[in-house]
Structure formats: structure tokens, C-alpha cells
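Architecture and fold: a report
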Amino acid sequence: MPDGTNFTDVMADRQGCYHRKSDLSAFEHTCKGELTSIHRLTNLENLFRIRLLDPEDRKRFTFQPGQFVILELPGIGEAPFSISSPSSGHGDLELCIRRVGTLTNFLFRLERGTHVGIRGPFGTGFPMEQMHGENILLIAGGLGLAPLRSPIAYVQENRNLFRNVDIIYGAKHPSQLLFTYQYDMWRADDVNLHIIVEKDDPSWKGPVGMITKVLQEIFAHRDADYFQKTYAIVCGPSVMFKFVCAMLNERNIPMQKMFVSLERRMHCGMAKCCRCNIGSTYICLKGPVFDYWSVMNLKEAI
Amino acid sequence: MLFRVLRKEAVADLFGLLAESNRMVAPVQSGLDCLGSPLYAFKEVTDYYEISLTYTTTKIPAKKFFMPFRETMATFIVAGKDWTKKIDLNIDRPFVVFGMHACDINALNKLDKVLLGNFYPMPYYAAKRKNMFIVGIDCVPQPYCFCRSMGADTALHGFDIFLTDLGDHYFVEILSDAAFNFLRQLSVSEPAESDHALYVKTVSAKNNKFSVRVDTTDLTKILDMEFQSEVWEKWGKQCLSCGTCANVCPTCYCYGVDESVGLDLSRATKTKLLYSCNLIDFAEIAGGHNFRPESHSRLKYRYYHKHRGFVEAYEEALCVGCGRCGEACLAGITVPEVIASVRDQES
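Note that the coordinates shown come from a computational prediction; the quantities given were computed from them, not determined experimentally. (Residues numbered from 1 in each chain as written. Chains lettered and ligands numbered in written order. Predicted model: local features only at pLDDT ≥ 70, side-chain atom pairs only at ≥ 80, totals over all residues.)

1. Some details on the overall build of chain A
Heads up, the condition is: We count a stretch as a helix when DSSP gives it H or I for four or more residues in a row; a strand needs E for two or more, and each element gets its number in order from the N terminus. It is over C-alpha atoms that the radius of gyration is taken, and the globule rule equals 2.2 Å times the number of residues to the power 0.38. Neighbour density around each residue's C-beta defines its exposure: 20 or more other C-beta atoms within 10 Å make it buried, 12 or fewer make it exposed, and counts between make it partly exposed, where C-beta atoms are placed from the backbone. Contacts here follow a simple rule: the backbone-placed C-beta atoms of the two residues must lie within 7 Å.
When you go through chain A residue by residue, the secondary structure sums to 9 helices and 14 strands. Relative to the globule expectation of 19 Å for 302 residues, the C-alpha radius of gyration of chain A, 20 Å, shows essentially globular dimensions. Residue burial in chain A is summarised as follows: out of 302 residues, 47% are buried. Restricting to contacts in chain A with at least 6 residues of sequence separation, those with at least 24 account for 68%.

2. A short note on the interface of chain A and chain B
This is how it is decided: Side-chain classes are defined by residue name, with Ala, Val, Leu, Ile, Met, Phe, Trp, Tyr, Cys and Pro counting as nonpolar, Asp, Glu, Lys and Arg as charged, and the others, Gly among them, as polar.
Opposite the 43 residues of chain A that make contact, chain B presents 57 residues. In terms of residues, the side of chain A that touches chain B owes the most to one element, strand 4 (residues 77-82) of chain A, which gives 3 residues. The residue inventory of the side of chain A that touches chain B, partitioned by class, reads 16 nonpolar, 16 polar and 11 charged.

3. With respect to the pairing of strand 9 (residues 192-197) of chain A
Residue and element names in this part refer to chain A. Here is the rule we go by: Two strands make a pair as long as DSSP finds a minimum of two bridges between them. Here the term right-handed applies to a crossover when the path leading from its first strand over the helix to its second strand runs clockwise, the strands being oriented away from the viewer.
In terms of strand pairing, strand 8 (residues 165-171) meets strand 9 through 6 bridges, oriented parallel. Directly across from I168, in strand 9, lies its bridge partner H194. In this region the chain leaves strand 8, passes through helix 4 (residues 183-188) and returns to the parallel neighbour strand 9; the handedness of that crossover is right-handed.

4. Observations concerning the sheet that holds strand 7 (residues 132-137) of chain B
Residue and element names in this part refer to chain B. Which entries qualify depends on this criterion: Every axis in this analysis is a line fitted to C-alpha atoms, fitted for helices over the stretch in contact. Angles between the N-to-C directions lie between 0 and 180 degrees.
Ordered in space as 3-2-6-7-8-9-1-10, the 8 strands form an open sheet in which the pairing is mixed. Single-partner strands in this sheet number two, and they are strand 3 (38-45) and strand 10 (188-189). As paired strands, strand 6 (residues 95-100) and strand 7 are joined by 5 bridges and run parallel to one another. The residue of strand 7 that forms the bridge with F95 is M132. Here helix 5 (residues 177-184) sits on the sheet in contact with strand 1 (2-7), strand 7, strand 8 (161-165), strand 9 (169-174) and strand 10, set at roughly 145° to strand 9.

5. A look at the packing of helix 8 (residues 231-238) of chain B against helix 10 (residues 295-314) of chain B
Residue and element names in this part refer to chain B. The following threshold applies: An angle below 35 degrees is read as roughly parallel, one above 145 as roughly antiparallel, one from 65 to 115 as roughly perpendicular, and any other as oblique.
The geometry of helix 8 relative to helix 10 is characterised by a closest axis approach of 8 Å and an angle of 110° between their N-to-C directions. With respect to each other, helix 8 and helix 10 are oriented roughly perpendicular. Together, W232, E233, W235 and G236 of helix 8 and S295, H296, L299 and K300 of helix 10 make up the contact between the two elements. Of the residues assigned to the contact of helix 8 with helix 10, the class counts are 3 nonpolar, 3 polar and 2 charged.

6. Some remarks on the nonpolar core
As a reminder, the rule being used: A set of buried residues qualifies as a nonpolar core if it consists of Ala, Val, Leu, Ile, Met, Phe, Trp, Tyr and Cys joined through C-beta atoms within 7 Å.
A:A232, A:V234 and B:F98 are the most contacted members of the largest nonpolar core, which totals 188 residues. By residue number, the principal contributor to this core is helix 3 (residues 102-115) of chain B, which donates 8 residues.

7. Describing the domain arrangement of chain B
Residues and elements named next belong to chain B. Put simply, the test is: For every domain, the bounds stem from an assignment made automatically or drawn from a database.
Considered domain by domain, chain B is made up of domain 1 (2-66 + 86-207) and domain 2 (219-252 + 277-344). The gap between the C-alpha centroids of domain 1 and domain 2 is 28 Å. Between domain 1 and domain 2, the contact holds 21 residues from the first and 17 residues from the second. No other element matches helix 3, which puts 7 residues into the side of domain 1 that touches domain 2.

8. Describing the environment of B:R129
Residues and elements named next belong to chain B. Structurally, the position occupied by R129 is in helix 4 (residues 123-129). By the C-beta count within 10 Å, which is 24 here, R129 ends up buried. Taking the C-alpha atoms as reference, R129 lies 23 Å from Y55; in sequence the two are 74 residues apart.

9. Notes on unusual backbone geometry
All names here are of chain A. Between G120 and P121 the backbone carries a cis peptide bond, its omega angle lying at 5°. A cis amide bond links G287 with the next residue in sequence, P288, at an omega value of 10°. Although it is not a glycine, F179 adopts a positive phi angle of roughly 55°. With respect to the helices, strands and loops of the structure, F179 is situated in the loop between strand 8 and helix 4. Accessibility expressed as a C-beta count within 10 Å gives 21 for F179, which makes it buried.

10. Details of the domain arrangement of chain A
Per the domain assignment, the segments of chain A are domain 1 (24-121) and domain 2 (129-261). On the side of domain 2 of chain A, 14 residues touch domain 1 of chain A, which itself brings 14 residues to the contact.

11. Focus: the sheet that holds strand 11 (residues 258-261) of chain A
Residues and elements named next belong to chain A. Strand order across the open sheet formed by 6 strands is 9-8-7-10-11-14, with mixed pairing between neighbours. Each edge of the open sheet is held by one strand with a lone partner, namely strand 9 and strand 14 (289-291). If you compare each strand with its neighbour and ignore which way they point, the axes differ by 15° on average. Against the sheet, helix 3 (residues 145-157) touches strand 7 (135-141), strand 8, strand 10 (230-235) and strand 11, its axis set at about 155° to strand 7.

12. What to know about the packing of helix 5 (residues 211-220) of chain A against helix 7 (residues 238-250) of chain A
Residue and element names in this part refer to chain A. Look at helix 5 against helix 7: their axes get within 10 Å of each other, and the N-to-C directions meet at 10°. The orientation of helix 5 relative to helix 7 falls into the category roughly parallel. Counting all contacts with helix 5, which are made through I211, T212 and L215, the residues of helix 7 involved are M240, F243, V244 and M247. A per-class count over the contact of helix 5 with helix 7 returns 6 nonpolar, 1 polar and no charged.

13. As for the environment of A:K199
Residue and element names in this part refer to chain A. Following the sequence through the fold, K199 ends up in the loop between strand 9 and helix 5. Taking the number of C-beta atoms within 10 Å as the measure of exposure, K199 has 13 and is therefore partly exposed. For the pair K199 and C96, spaced 103 residues apart in sequence, the C-alpha to C-alpha distance is 23 Å. Among residues more than four places away in sequence, those in contact with K199 are K172 and H173.

14. Topic: the confidence of the model for chain B
Operational definition: Here pLDDT means the predictor's own confidence in every residue, given as a number from 0 to 100.
Confidence along chain B averages 92 in pLDDT terms, with 100% of residues attaining 70 or more. With a pTM of 0.91, the predicted complex shows an ipTM of 0.87.

Right, here's the structure in full:
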């Protein structure tokens, strides 16, 4: 390792070909992005549209549905957010963010045109190509719709490649429903949208209860053949995973066809800070998307 | 590997040669503990006579020189809605660690696997690691040392020169051309047959001095079997969640990132702070959910990462058996005892 006492500048030997995962100078590379629009979704959540400014960054920035970026506000901090926009949108991305901590509260005070830092994309995505020709269950609880919106967009763009598509979305209260303006569009693309809330209000016409209730109703009308030809993507709080995955498992959806996206604290996104580690599996590197078999083998994953 | 022998007096000359153009880091006696025993620390030195090559174990490993507890990763200049970022790897010249024990060299080799491995190598570590010259030195096993159980009692690579005390001279292992060139300027000689024999005898005498052992047979499976064991709760009750063990561990590398704004609001700093998985908010996420709220779940995670997960990933444990954590632990928790208690659940 040490090759003498001449000083070695580790950043100097940057290779001509760009390979982010092995390039030392890529570690702290922050793409500068501009907040092009701030779309208010609910009291607590906004959709931030971000445009990467550097043409080189824009060219390189490609991602898969399910991957995440780390958003940095200089002097305030940084945190991981899954990308909520279609993967076809190279250097333009959308992040659906809830106001909950120091960083996000500061973010909500920013104006259009402010520059933010974006590192990534990091982690694994949902293997959409594998799912071609099959049925898809897209299941989201609460803010879980944020990471799910990217695979939903993929399905919309490639609707011919999928059979039956269901979106099952559960929220605590009708006022907390996200992306309400898109529901008609999803339905028009021949996607079955089922929404359930835990607590209703007078204006609510739909079903009330837990998300498992909708699943039960849907599953009652599907045969064994359907479940063998079905992929499921589940995003939401970890308590939801336990119940939903158990239900899917009961119906014999193969474990390798069920995907979840795990949430963990992260300070680097590159398997170095250890904060997202479970055993020695870095969620930022081997996840956040895991199939259910991998989750079963991770102690304390859900 | 090339071997030489070096007269003991010539070690000062070796130090002098290296010190001519390099920063020197070496073990020194930094004080006495309450029982009057010497305390040792790695410090930057200029004079050979400050250093203590017969030191036992430093309280804090040398990692503070290549993985500082607090390190500035980048600075920002903020102007209105825009900013610029400047990255600094915090090193401008090579340095020499003069007198590192085998366990600490092995700790570096383990860190290399994570921090210089084949994905996202870390420039802050790489810059220091690639500009390090290491002189290893043999040691006498202490009552808390279990490096032999962890396979870290000898260093096979990761150093430039390794010195083993053979009485009136040192047996020298040479691993780099830079080291070879330095030694050429000193009066070194080829080892005789008798030196080889003496070296083997010295090493085997050292091997007989270990008093603690850790049985690592099938440990990964046993840890999986005992994941729900009550024994973890027992240790959890004892643990103060203070993070001292990570502080003194030569292989602990986890960190947190903290950003701050300058008083004139035009500058910002991004700082990396070494962390500990025993601290309460280690796995806490936005909204307040904590994946490991109880002290026993955090203590257990520490052992699972070091003795199960890392083994799964790299076929070796993330522990070199230096015993620092057990010595430093205010609650008296030691690795050999914890692992023995988990193993006991199986019998």
C-alpha cells in the first residue's frame, strides 16, 4: 500500500473514462441543481422539481425507478430522498419531501431558483425489465407513494409491456393523499387504482380501514394463476411491510418477485458511514430495494 | 519477503533518516495511570529519544492520524441562491508511523478493504493511507490481548518495515522498495542461520504468552442462532451506550456528517465526525423512528457487524483483538466475555 515517501495526490490520477463507483474524485462530487418549481401537495409535503445545471452532470445522470439521491443544503446538512419522477427524465428530477426535520424544514423555506446539491443516484432500483409481461401490484402506504411514483411512471410509459396493473394506496386521512391530480391520469392509462384511508371525513366516499382490507378484497377475485404471474412492489413504513408481505406470501407470490424499499439513516450513500448498515449489508449500496427473500435473511430489516 | 538484521543502536539512525523529510508519528509515554503504570499514545515526534518502542498498547489507536475524529470534508462559499464547494483531503505531505504493532497494522488492512475497496473508495482515507510509511514493531502480549484468536497477531502485509527484537539486534522484514532504499543507507546485514532460528524461537515464545482466547469456530452461525438470546439484554443493561469502545477501536470507521454555517452567513463547513453504533441516535431516522432504541440492540449490532456481517463480506472479523475496548469500557464489558457468554447459550 505505501509506496514510498513521495507524496501521492490521489485525486490526480483521474481516469479519462468516467466510472463514478471507482473514481476517488467522485466521492464528494455534488451536482448543482436549481429548484425550478415547488409544488405544494399537502400541508406537510411538497414536490420539489430540480434541474441539474452542469451539462456533463445532466448527461451522466441516469437512474432506475427506486434509486435515491442525497440532497445537500450547504451549511444545513444532507439527507437521502428517493426519486419520485420518471427515470426517462435524465437531469430533471422530482423529490416528494415531507417537512419533518431540520433539513426539510429549511428546504420548505427556500424559494424557486435556489441552488441545491445533489449527489447520486445511489442504491438499487426496481428491476422493471424483469417484470415485463407480468401483472404488477404497486402497493404504497403514506409517504411510500413517493418512491412508488417512479415505477408507476415507468408502467405508464410502457403500459403495453404489462398485464394487469393495480395501485393500492393507503393513507391516514383524505387530506394526506399525495398526487391527487394524477389519479384520473393513472386510471385513464388502464391502471386499477384503489385508495383507502384509515380515518375518513365527510367528503370521503371511498373505503375506510387498513391497506390489508383492500388487498383482501382484490385478492378474493384473483385466481392462483394470477399470483404466479405477478410482481409486487411495496413501499411504506416498515410496520406495513410485515402485514402486506405476509399477505402476499400467503398467496404464493414468489419471494423473488416481491420488492420492498427500506428506509434507513444515511450520511454518505456509498457504504462508508455505516449508518444504514444491517449486519454488513449496506442499505445504500445493496438496497434500498430488496426482494423479500433478501429481507428475510436480514436480521431486523423490517 | 527480504530479511535483514539491524543493530539496535542503528534504529535511531533509521528514525533520523525518515525524519529528515517526513512527519513522524510514534508511540510515546504520555503519563501514568492511577496505579502508576505508564500510559502510551501515538504522537507526532521529532526526537527519537521521545519514543518508546517497548510500549504495551496505546489507549487510542493511530487511526486519529489517517481517520481523524473530526475532519473537514468540504467548505462552501454561499452567495444568495448560489454557492461553490471546495473539497480538501487534509494532507499535503507523507508521514511515517514508527512503531506500530501487528494488530494495528492488521486493523489498517481491514479498513483498506472497506475504504479502498472496489466501490466508492474514500479519498479522505486514501490520500493519507497512500502517503503513509509504516515501521512495525513486535510486542509482548498483555493480559487483555486476544489478537492471536482473531488471526491478527502477525502482519503479513500493510507495512514497509517490521522489526522484531532479537536481543542485541532487530530482525527486519522489508516489504517496499522505499524501505529497502532507506535501509541501504544503514549498516544492515544479511541474517545468519542463527538469526532465523532465534526469530522463530522468539515468535513461538510470544505465542505462549497469550492468556485470553476467543473461540471463533462457527461464530457467524452461533450469532445468528442466538439473535434473540436473553444474554444480549444482560449485556445491554450493563452497557452505558457511551461509545468509548468505538472511540478506541482501531477498526471502527462509521461516521456522521455535520454541517455548520459561518457567523457571517457566507461560509459553510461540512464536517465528518467519527461516530459509534452504541450512541442512541445511530439508526434514528427522520420523524423520530429509531431502529435500535434499546442499548442491547445497539450493542448486539456492534457484535453482529464485527463478528458476523464483516466475516460474511470479507471472510474475516472486523476485530483485531487488541483489547482496547475492554480496557476502556467503563462498564467492564470485554469482547472475549461477551462472545463466550453467547457461545455458552449453545451448550
